[in-house]
Amino acid sequence: MIIEKKLLKQDSVEKLFAKLKADGRRILAPKAQGDEIFFEQVASASEMAKDYIQTTLSPKGAVFPRVEALFRYQMEGKDVKIENNSEPQPTVIFGLRPCDAASFAILNSVFSWDYQDSQFKSRLAQTAAITVSCSRADEYCFCTSVGGSPGDTKGSDILLTRIGSGDYLAEILTEKGKAMVTLAPELFAEAPSEDKEKYLAKVPVKFDLKKLTEKLPEAFNNNELWMEQSLRCLGCGACAFVCPACVCFDIQDESKRESGVRLRCWDSCGFSLFTAHTSGHNPRPVQSQRWRQRVMHKFSYFNDRQKYLGCVGCGRCSRKCPADMNLLEHLKAIAEAR
Amino acid sequence: MEELRKKARELLTSGAVKVIIGYGPGSGKRVRAVFVRKPEQADLLICDDRCLQNLAVYLTKPEVKALGKAAVVARLPTLRAILQLAAENQLTDGQVVALGISPEGKMTELSQFKAIEEFLAGFSFELSAEEKATLEKLDQMTPEQRWQFWQEQFAKCVRCYGCRASCPLCYCEKCLAECNQPQWIPAASHQIGNLDWHIIRAMHLANRCVNCGDCSRACPVGIPLHLLNQKLAEEVFKQFGARSGMKAAQEYALCNWKLEDRENFIK
Amino acid sequence: MSEPNIYQPFLMRIDKITEEAPLVKTFKLVFVNDEEGKKFQFKAGQFGEYSVFGEGECTLCIASPPTRPGYIECTFRQAGRVTGALAGKEEGEIIGFRGPYGNTFPLEQWQGKNLLFIAGGIALPPLRCVIWNALDLRDRFKEITVIYGARSVADLVYKQELEEWAKRGDLKILTTVDPGGETPDWKGEIGFVPAVLEKADPICENTVALVCGPPIMIKLTLPVLAKLGFSPENTFTTLENRMKCGIGKCGHCMVGKYFVCKDGPVFTLAQLNQLPPEY
Ligand SMILES: Cc1cc2nc3c(=O)[nH]c(=O)nc-3n(C[C@H](O)[C@H](O)[C@H](O)COP(=O)(O)OP(=O)(O)OC[C@H]3O[C@@H](n4cnc5c(N)ncnc54)[C@H](O)[C@@H]3O)c2cc1C
Ligand code: SF4
Ligand code: SF4
Ligand code: SF4
Ligand code: SF4
Ligand code: FES
């Protein structure tokens with residue numbers, strides 16, 4: 001990893017956007033819509049949301065859109081022609097948090113183990129992350145319990161930390177980051193000798209990850225535990241869909257007579273029909289089993305199979321759960337159970 | 001609140017019910033649904049103006065049903081949901097005890113549907129001035145503006161079905177959204193898929209929605225779905241004089257035909 | 001994109017359609033592109049994602065043996081959207097196929113062993129692949145026994161092949177129908193698969209048993225096999241968890257930390273005993 005430190009003046013962000021756009025890149029940045037904040041294409045830096053702890057949806061849609069064509073097809077008499085997607089547009093995600101930046105590696109671990117998902121991989125290759133570290137956190141954040149931190153550099157190409165003057169301390173971390181700096185070297189000045197630490201939010205470690213992962217395989221059979229935790233769970237997909245690390249998907253065809261498209265759409269293991277057969281047989285018939293799958297997958301199976309944890313501690317699932325299922329609280333309970 | 005806890009303790013101790021579905025402390029300043037099964041846990045129960053979730057949604061959840069007879073802490077929309085569920089043959093009389101909470105916070109035990117009906121008869125279910133004003137604002141838009149407004153809202157929808165999951169009247173084991181022969185509603189969260197989903201769900205809830213607002217509260221991306229349902233509820237009221245959730249036995253306005261129906265909506 | 005699109009199916013032409021039983025058909029499929037067909041290889045036990053353009057994909061095993069290259073076959077019951085659309089296809093039409101996916105039955109390790117096949121209803125296709133595979137390499141295996149049952153005579157699939165097998169003399173075949181499912185001229189057994197198995201009393205020594213069928217049949221057959229002395233390591237079955245991608249990504253088929261589409265669909269009973277009951 002390259003680490004080069006620079007100073008990016010606050011009013012230079014606008015100029016940087018202009019340069020990135022001139023280079024043919026699309027910029028996704030947090031934009032407010034009512035009380036919610038989404039990563040959207042912005043024309044100017046002034047459109048960005050000013051003050052946010054976390055965005056409503058994660059930036060995962062940039063590399064794994066909620067709906068995307070896997071390919072298109074055209075019927076020609078009895079023949080079928082298949083047309084693959086063209087290369088995705090180069091994209092810069094600006095203003096994501098370190099936890100979100102860390103999530104790309106998790107998604108990638110699924111899309112590139114064994115069979116290589118070229119579509120995801122080229123999206124990822126075309127995406128650069130200019131992350132802004134966290135000066136504030138809330139009670140739902142738990143990045144430090146799952147290997148991250150408010151100033152963590154994992155997964156970012158450039159990490160910006162806002163320092164006292166209001167300017168950004170920029171850490172240029174990868175070749176992609178360097179390439180962006182090369183587009184506008186004049187915007188990156190000599191870095192001051194300031195330590196970013198004092199500008200970062202304090203997020204205490206909230207549970208012992210090692211204990212949790214050790215306990216989970218055994219906890220699997222503790223039906224009462226899962227039942228108690230999930231009685232109020234409504235079985236929607238909110239937690240999975242706001243999550244930067246959830247990967248489950250569905251494949252669906254849509255067609256108009258002669259032509260059509262095979263789509264990939266986000267799906268959630270929390271839905272009751274996720275595992276259901278046509279016959280009606282369902283291997284996970286009740287919500288407690290589906291809640292267990294969510295927790296086991298993220299904190300046990302994932303690190304067994306993919307060598308990553310399936311969670312970066314962004315807290316979105318708990319902020320957005322309509323039934324106030326607080327993941328952190330549930331994890332603590334499992335880690336601390338005797 | 002003390003009154004509620006005392007009643008809960010009593011009901012559990014006597015064995016009259018096996019579980020109290022109520023509100024308890026949640027994350028930070030939030031409250032959440034709790035399922036109190038032991039008298040000594042009754043002190044968990046909270047009842048204040050943060051307690052908005054329509055707990056009737058749990059009355060049809062298999063795991064909750066398996067706990068045994070329930071008493072549910074019920075504000076007005078929850079009481080209406082209970083009657084509406086009864087009208088749709090999802091609940092039978094005596095299956096559930098409602099701990100009715102008046103807008104002032106007073107608790108009344110209502111163990112029969114009839115008692116709930118009588119209790120509700122004492123309140124008006126006209127929309128509040130504020131709600132009316134919001135609907136009027138939408139009404140005053142040109143069709144193009146209104147289309148634009150909803151298109152922008154629906155564009156955010158990720159199809160998490162939080163709206164459906166939180167709705168006490170969306171209890172269908174297999175929702176139309178999941179029927180694939182034919183695929184009535186595209187499963188994808190693109191423009192057509194989202195439009196179809198929301199229009200169809202709104203239609204399914206016309207004369208069934210009890211105006212609890214949980215769909216909008218549940219929605220992670222902040223879509224004011226309740227406005228669609230309120231609008232349809234008002235239309236049904238105008239056309240048929242019917243309000244949902246007022247009686248344990250009532251006909252569903254949209255599939256009953258009566259001689260005296262005004263049919264000027266078919267033009 | 002530099003790498004191939006893993007979701008893009010091969011185009012397959014339906015070469016022949018056989019009506020097997022009510023709502024059950026077999027398609028013989030050939031590659032539209034010869035080159036793809038020549039390169040294509042698979043092993044017994046693997047499956048694929050078959051698609052009808054405009055309707056979607058469904059998971060079906062490859063029911064023909066790898067010993068007969070140049071085509072594949074699938075046998076399916078019309079159950080839902082995609083299988084329904086498949087059933088409406090005619091000879092000469094084009095469908096999609098992605099595969100082969102999943103693990104395989106370890107036939108190489110079974111040289112010199114007896115093979116016992118036990119199947120129920122529509123679950124004969126995965127075993128039919130192995131049966132033909134073994135028959136095509138007949139000298140490598142010792143005794144081959146097939147016990148196959150269906151609800152009624154009409155429900156038996158591969159009727160012609162069953163007769164062909166019965167005539168061969170180098171395998172023993174017992175077909176059975178549930179009581180009441182027989183026709184006046186039915187010459188096979190009458191009774192449920194587990195009972196027929198118990199009566200047949202196959203030797204367990206140096207034998208592997210392969211069981212595929214509806215959950216209830218499997219549930220009642222396994223204890224009989226155990227009683228007959230079959231070890232869990234020598235008892236094989238396939239799992240049918242709901243699948244979407246077939247390649248270890250979409251999460252649908254997970255049983256504990258295993259992907260049925262990658263680590264399965266073939267499992268020994270010994271392995272199943274280690275899995276959480278999520279299938
Ligand atoms: C490894 C494997 C091999 C199979 N082999 C055969 C076979 O040889 N012959 C055969 O007739 N059937 C087989 N099945 C079952 C077959 O996949 C389903 O019947 C089929 O997917 C139903 O699809 P549909 O679109 O017609 O039904 P719908 O109800 O419209 O399907 C909806 C979705 O549900 C899933 N699904 C539904 N039922 C099943 C099921 N039983 N198993 C797995 N996923 C399901 C699929 O993902 C499907 O896309 C197999 C299943 C698996 C997992
Ligand atoms: S945990 Fe919450 S967000 Fe997730 S499925 Fe349950 S109710 Fe929905
Ligand atoms: S599981 Fe929750 S806290 Fe963890 S990454 Fe997903 S949304 Fe964030
Ligand atoms: S939208 Fe309609 S079909 Fe779906 S759950 Fe609600 S009422 Fe049932
Ligand atoms: S809760 Fe909101 S995002 Fe989820 S399906 Fe309903 S409208 Fe869409
Ligand atoms: S079918 Fe998608 S992971 Fe197995």
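Residues numbered from 1 in each chain as written. Chains lettered and ligands numbered in written order. Predicted model: local features only at pLDDT ≥ 70, side-chain atom pairs only at ≥ 80, totals over all residues. Heavy atoms only, no water.

**Some points on the overall build of chain A**
For clarity, the threshold we go by: Secondary structure follows DSSP: runs of H or I at least 4 residues long count as helices, runs of E at least 2 residues long count as strands, and numbering of each begins at the N terminus. The quantity called the radius of gyration is restricted to C-alpha atoms. Its globule counterpart is 2.2 Å times the number of residues to the power 0.38. Any two residues whose heavy atoms approach within 4.5 Å at even a single point are treated as in contact.
Of regular secondary structure, chain A possesses ten helices and twelve strands. For a compact globule of 338 residues, the expected C-alpha radius of gyration is about 20 Å, and chain A comes in at 21 Å, within 12% of that figure. Taken along its principal axes, the extent of the C-alpha atoms in chain A is 65 × 65 × 40 Å. Within chain A, counting contacts between residues at least 6 apart in sequence, those at least 24 apart form 72% of the total.

**Regarding the environment of K227(C)**
Residue and element names in this part refer to chain C. Quick reminder of the rule: Buried means the residue's accessible area, taken with a 1.4 Å probe over protein chains only, is under 20% of the maximum for its type, while exposed means over 50%, and partly exposed covers the values in between.
Residue placement: K227 occurs in helix 6 (residues 215–227). Residue classification places K227 among the exposed residues on the basis of a relative accessible area of 63%. It is 41 Å that separates the C-alpha atoms of K227 and R81, two residues lying 146 residues apart in sequence.

**Overview of the pattern of salt bridges**
Our working rule: Criterion for a salt bridge: a side-chain nitrogen of Lys or Arg within 4 Å of a carboxyl oxygen of Asp or Glu.
In the structure shown here, the tally under the stated rule is 56 salt bridges over all chains. The closest approach of N and O atoms between E2(B) and R5(B), which form a salt bridge, is 3.2 Å. Taken together, the residues span about one helical turn, with E2(B) and R5(B) both in helix 1 (residues 2–14) at a distance of three residues. For R5(B), a relative accessible area of 14% gives the class buried. With a closest N to O distance of 2.8 Å, R81(C) and E55(C) form a salt bridge.

**Comments concerning the sheet that holds strand 6 (residues 94–101) of chain C**
All names here are of chain C. Just so we agree on the cut-off: Pairing between strands requires that DSSP locate at least two bridges from one strand to the other. Note on geometry: axes are lines fitted to C-alpha atoms, helical ones only across the stretch in contact, with angles between N-to-C directions running from 0 to 180 degrees.
Read across the sheet, six strands follow the order 4-3-6-1-2-5 without closing on themselves; strand pairing throughout is antiparallel. Since the sheet does not close on itself, it has two edges, and those belong to strand 4 (56–61) and strand 5 (72–77), each with one partner. Averaged over neighbouring strand pairs, the angle between their axes works out to 40 degrees when direction is ignored. Relative to strand 6, strand 3 (residues 47–52) runs antiparallel, the two being bridged by four bridges. Bridge pairing links S51 to G96 in strand 6.

**Side note on the domain arrangement of chain A**
All names here are of chain A. Test applied: Per the annotation, domain bounds derive from an automatic or database assignment of domains. Defined in terms of a 1.4 Å probe, buried area is the accessible area two parts forfeit on being brought together, summed over both. In protein, a polar contact means a hydrogen-donor-capable atom and an acceptor-capable atom, both N or O and within 3.5 Å, with residues adjacent in sequence counting only if both atoms are side-chain atoms; elsewhere, any N or O pair within 3.5 Å suffices. Only Asp, Glu, Lys and Arg are considered charged, only Ala, Val, Leu, Ile, Met, Phe, Trp, Tyr, Cys and Pro nonpolar, and every remaining residue, Gly among them, polar.
The domains assigned to chain A are domain 1 (4–65 + 86–199) and domain 2 (209–336). Put simply, the middle of domain 1 and the middle of domain 2, counted by C-alpha atoms, are 27 Å apart. The interface is formed by 32 residues belonging to domain 1 together with 33 residues belonging to domain 2. For the pairing of domain 1 and domain 2, the buried interface totals around 2800 Å² over both sides, and the portion due to carbon and sulfur atoms is 63%. Of all residues in domain 1, I106, Y140 and F142 bury the most surface against domain 2, accounting for 26% of the area lost on that side. At the surface where domain 1 touches domain 2, the tally comes to four salt bridges. In this structure, R264 and D117 form a salt bridge, with 3.0 Å as the shortest nitrogen-oxygen distance. If you look at where domain 1 meets domain 2, you find 13 residue pairs in polar contact (both at pLDDT 80 or more). Considering only residue class, the side of domain 1 that touches domain 2 consists of 18 nonpolar, eight polar and six charged.

**So, the site of ligand 5**
Basically, it comes down to this: Residues are counted as near a molecule or strand when any one of their heavy atoms sits within 4 Å of it.
Close contacts around ligand 5 come from 13 residues, with C157(B), C160(B), Y161(B), C163(B) and C219(B) the closest. For the shell around ligand 5, a count of residues per class yields ten nonpolar, two polar and one charged.

**Let's talk about the interface of chain C and chain A**
Tallying the contact residues gives 50 residues for chain C and 53 residues for chain A. Interface area for chain C against chain A, summed over the two sides, is near 4200 Å², with a carbon-plus-sulfur share of 55%. One can count nine salt bridges joining chain C with chain A. One salt bridge in this structure joins R13(C) and D79(A), with 3.4 Å as the shortest N-O distance. Our count for the chain C to chain A interface comes out at 33 residue pairs in polar contact (both at pLDDT 80 or more). Elements with a minimum of two residues in the side of chain C that touches chain A: strand 1 (10–21), strand 3, strand 4, strand 6, strand 14 (258–259) and helix 7 (260–263) of chain C. Considering each element in turn, the side of chain C that touches chain A owes the most residues, four residues, to strand 6 of chain C. Its residues assigned to classes, the side of chain C that touches chain A comprises 21 nonpolar, 13 polar and 16 charged.

**Looking at unusual backbone geometry**
Geometrically, the link from Q181(B) to P182(B) is a cis peptide bond, its omega value of -5 degrees lying close to zero. Examined against the element boundaries, P182(B) turns out to sit in the loop between helix 7 (162–166) and helix 8 (191–205). For the bond running from G99(C) to P100(C), omega is -5 degrees, close enough to zero to count as cis. Within the secondary structure, P100(C) is located in strand 6. The phi dihedral of N207(B) falls on the positive side, at around 65 degrees, and the residue is not glycine.

**As for the domain arrangement of chain B**
The figure often quoted for interface size is the accessible area lost as the parts come together. Residues and elements named next belong to chain B. Here chain B is partitioned into domain 1 (2–121) and domain 2 (129–240). A buried area of about 1100 Å², summed over both sides, lies between domain 1 and domain 2, and 59% of it is on carbon and sulfur atoms. E88 is the salt-bridge partner of R208, the closest N and O atoms lying 2.8 Å from each other. At the boundary of domain 1 and domain 2, one finds five residue pairs in polar contact (both at pLDDT 80 or more). Considering only residue class, the side of domain 1 that touches domain 2 consists of six nonpolar, five polar and two charged.

**With respect to helix 6 (residues 143–155) of chain B**
Residues and elements named next belong to chain B. Put simply, the rule reads: Here the expected length of a helix is defined as 1.5 Å per residue gap, with one fewer gap than residues. Arc definition: it is the arc formed by the directions from the helix axis to the C-beta atoms.
In this model helix 6 runs 18 Å from its N-terminal to its C-terminal C-alpha over 13 residues, within 8% of the 18 Å that 1.5 Å per residue would give. Looking only at helix 6, the buried set comprises W150, Q151, Q153 and F154. Taken around the axis of helix 6, the buried residues stretch over an arc of 165 degrees, which confines them to a single face.

**Some points on the packing of aromatic side chains**
We describe a pair of aromatic rings using the distance from one ring centre to the other and the angle between the two ring planes. Residue and element names in this part refer to chain A. Note the cut-off: Note on aromatic pairs: the rings of Phe, Tyr and Trp (six-membered ring only in Trp) are paired at centre separations within 6.5 Å, and the planes decide the class, stacked below 30 degrees, edge-to-face beyond 60, tilted for the rest. Cation placement over rings: the criterion is NZ of Lys or CZ of Arg within 6 Å of the ring centroid and within 35° of the ring normal.
Applying the stated criterion to the full structure yields 31 aromatic pairs over all chains. Above the face of the W266 ring, K60 is positioned so that its terminal group lies 4.7 Å from the ring centre. Stacked on the ring of F249, the Lys or Arg R264 has its end atom at 4.8 Å from the ring centre.

**Topic: the packing of helix 8 of chain B against helix 10 (residues 226–240) of chain B**
Residue and element names in this part refer to chain B. Just so we agree on the cut-off: We call two directions roughly parallel when the angle between them is under 35 degrees, roughly antiparallel when it is over 145, roughly perpendicular when it lies between 65 and 115, and oblique otherwise. Helix crossings get a hand from a simple test, with the near helix turned counterclockwise from the far one by less than a right angle marking a left-handed crossing and a clockwise turn marking a right-handed one.
Where helix 8 meets helix 10, the closest approach of the two axes is 9 Å, and the angle between their N-to-C directions is 45 degrees. In terms of their interaxial angle, helix 8 and helix 10 are classed as oblique. Crossing geometry of helix 8 relative to helix 10 is assigned as right-handed. Of the residues in helix 10, those in contact with H198, R201, A202, M203 and L205 of helix 8 are L228, N229 and L232. For the contact of helix 8 with helix 10, the per-class residue count stands at five nonpolar, two polar and one charged.

**Points about the nonpolar core**
The cut-off we apply is this: To define a nonpolar core, start from buried Ala, Val, Leu, Ile, Met, Phe, Trp, Tyr and Cys residues and group those joined through side-chain atoms within 4.5 Å.
Counting residues in hydrophobic clusters, the biggest one holds 191 residues, and the most contacted among them are F299(A), I20(B), I21(B), Y58(B) and I82(B). Sort the elements by how many residues they give to this core and helix 2 (residues 98–111) of chain A lands first, with eight residues. What Y58(B) contacts, discounting residues up to four positions off in sequence, is L231(A), R232(A), L234(A), A323(A), I21(B), A33(B), F35(B), Q53(B) and V64(B). Counting 61 residues, the second largest nonpolar core, distinct from the first, contains F76(C), L124(C), Y158(C) and F236(C).

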